[in-house]
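Chain and residue survey
Single-letter residue listing:
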Amino acid sequence: MSEFGPTTDDDVDRIMEVMVRAFAPEYGEAWNRRQVADSLILGGTRYYLIDTEGNVPISADQAAAGFALTRGLFDEEELLLFAVAPEHRRKGLGASLLTNVIADAKARGIRRLFLEMRKDNPAGLLYISYGFRTIGVRPGYYRTTSGDRIDALSQELLID
Ligand SMILES: CC(C)(COP(=O)(O)OP(=O)(O)OC[C@H]1O[C@@H](n2cnc3c(N)ncnc32)[C@H](O)[C@@H]1OP(=O)(O)O)[C@@H](O)C(=O)NCCC(=O)NCCS
């Protein structure tokens, strides 16, 4: 489900339009349509769409400029996927999206938001600016298509 209602096929399409362009193929981080649709059938998984103006949610006739996918369990929530289309980056949309995710989590009583990311991902700068801190490292966890190993960082944000 989304923050504002049940999942529709249109919304999965809009997530996928961003997904296929947002993630660099060498890291294998993007999900396919089936993985997204299946995850949204499970309880506790929700998504957020943002348009080019920074609106969350977006109106039915708008394309998404970015999306976030989260999964909650009790009072904790994992940020599974978080992306803005390449042509809309560095305009504050990622920050707006994260602000919405955190505010919605807080409103639902979530106490801890966590995620896992590649050590060299510039998204980490955004997370740090929101108060996320690194709580663990998995050495060589990610393997690129060319065979390189990259550490995974576990990060958390405690919400009060
Ligand atoms: C991470 C991502 C969602 C950021 O989206 P965005 O809309 O560009 O983010 P914002 O414009 O809100 O950036 C806010 C701040 O974060 C930091 N930041 C974001 N992207 C950055 C980059 N590539 N390099 C350095 N700093 C960056 C900056 O401090 C930026 O502020 P500034 O532009 O005033 O300097 C986007 O780069 C993306 O989709 N990346 C590919 C998918 C991905 O890796 N997702 C994260 C998985 S863990």
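Everything here concerns the structure above.
Criteria and thresholds
Sequence order as written defines the numbering, with residues in each chain counted from 1. Side-chain atom pairs in this predicted model are given and counted only at pLDDT of 80 or more, local residue features only at pLDDT of at least 70, and totals for whole chains, interfaces and linings cover all residues. Calculated side-chain values reflect all of the structure's heavy atoms, with hydrogen atoms and water omitted. Secondary structure counts use DSSP, requiring at least four H or I residues in a row for a helix and at least two E residues in a row for a strand, with both numbered from the N terminus. The rule for a salt bridge is simple: a side-chain nitrogen of Lys or Arg has to be within 4 Å of a carboxyl oxygen of Asp or Glu. Accessible area is worked out with a 1.4 Å probe on protein chains only. A residue is then buried under 20% of its type maximum, exposed over 50%, and partly exposed in between. Read the arc as the range of directions from the helix axis to the C-beta atoms. Only heavy atoms enter the contact rule, under which two residues are in contact if any of them lie within 4.5 Å. Within 3.5 Å is the distance limit for a polar contact, defined as a pair of N or O atoms, with the added protein rule that one can donate a hydrogen and the other accept it, and that residues adjacent in sequence qualify only through two side-chain atoms. We call a residue near a molecule or strand when any one of its heavy atoms sits within 4 Å of it. Methods summary: accessible areas were calculated by the Shrake-Rupley approach with a probe of 1.4 Å, and residue burial reflects only the protein chains presented. A strand pair is defined by DSSP finding two or more bridges across the two strands. Only the stretch in contact is used when a helix axis is fitted, and all axes are lines through C-alpha atoms; the angle between N-to-C directions ranges over 0 to 180 degrees. Paired rings are identified among Phe, Tyr and Trp, the last through its six-membered ring, by centres lying within 6.5 Å, and are further divided according to the angle between planes into stacked (under 30 degrees), edge-to-face (over 60) and tilted (the rest). Should the NZ of a Lys or the CZ of an Arg lie within 6 Å of a ring centre and within 35 degrees of the ring normal, that charge is described as sitting over the ring.

**Notes on unusual backbone geometry**
- The amide bond that connects V56 to the next residue, P57, takes the cis arrangement and shows omega of 0 degrees.
- The topology assignment puts P57 in the loop between β1 (45-50) and β2 (66-73).
- Of note in the backbone geometry, F74 takes a positive phi value of approximately 55 degrees without being a glycine.
- Inspection of the secondary structure puts F74 in the loop between β2 and β3 (76-84).

**A short note on the pattern of salt bridges**
- Taken as a whole and judged by the stated rule, the model has 15 salt bridges.
- We note a salt bridge from R14 to D11, for which the minimum N-O separation is 2.7 Å. Of this pair, R14 and D11 both sit in helix α1 (residues 9-22), separated by three residues, roughly a single helical turn.
- Residue classification places D11 among the buried residues on the basis of a relative accessible area of 10%.
- Where R21 meets E87, a salt bridge forms, and the shortest distance between an N and an O atom there is 2.8 Å. Of this pair, R21 sits in helix α1 while E87 sits in the loop between β3 and α3 (93-107), and the two are 66 residues apart along the sequence.

**Details of helix α2 (residues 33-41)**
- When we look at burial in α2, the residues that qualify are V36, S39 and L40. One face of α2 carries all of its buried residues, which in axial projection span an arc of 95 degrees. Facing away from the buried surface of α2 by more than 90 degrees, the exposed residues are R34 and I41.
- In this fold, the buried residues of α2 make contact with α1, β1 and β2.
- Where α2 begins, one side-chain oxygen reaches toward the backbone nitrogen of R34, 3.2 Å away; that side chain belongs to N32.

**As for the site of the ligand**
- Near the ligand lie 19 residues; those nearest to it are F82, V84, R90, A95 and N121.
- At 3.4 Å from an oxygen atom of the ligand is found a side-chain nitrogen or oxygen belonging to R89.
- Contact distances for the ligand include 3.2 Å between an oxygen atom and a backbone N or O atom of K91.
- Taken by itself the ligand offers 910 Å² of open surface, and the protein chains cover 74% of this.
- The set of elements that each furnish at least two residues to the shell around the ligand consists of β3, α3 and α4 (123-129).
- With four residues, the top contributor of residues to the shell around the ligand is α4.

**Remarks on the sheet that holds strand β4 (residues 112-118)**
- The mixed open sheet is built from six strands, whose spatial order is β1-β2-β3-β4-β6-β5. Since the sheet does not close on itself, it has two edges, and those belong to β1 and β5 (133-143), each with one partner. The average undirected angle you get between the axes of adjacent strands in this sheet is 25 degrees.
- Relative to β2, β1 is paired through six bridges, and the arrangement is antiparallel. Bridge assignment links Y47 to a residue of β2, and that residue is L69.
- Across the face of the sheet, α3 comes into contact with β1, β2, β3, β4 and β6 (149-158) while running at roughly 145 degrees to β1.

**What to know about the packing of aromatic side chains**
- Within the structure shown, the criterion is met by three aromatic pairs.
- Aromatic side chains Y141 and Y142 sit 5.3 Å apart centroid to centroid with 85 degrees between the ring planes, which places their arrangement in the edge-to-face category.
- You can call Y142 buried: its relative accessible area is 16%.
- Each residue in the set F82, Y127 and F132 is aromatic and connected to the rest through ring pairs, giving one cluster.
- Note that R118 overlies the ring of Y27, its terminal NZ or CZ placed 3.5 Å from the centroid.
- Sitting above the plane of the Y141 ring, R138 keeps its charged end 5.0 Å from the centroid.

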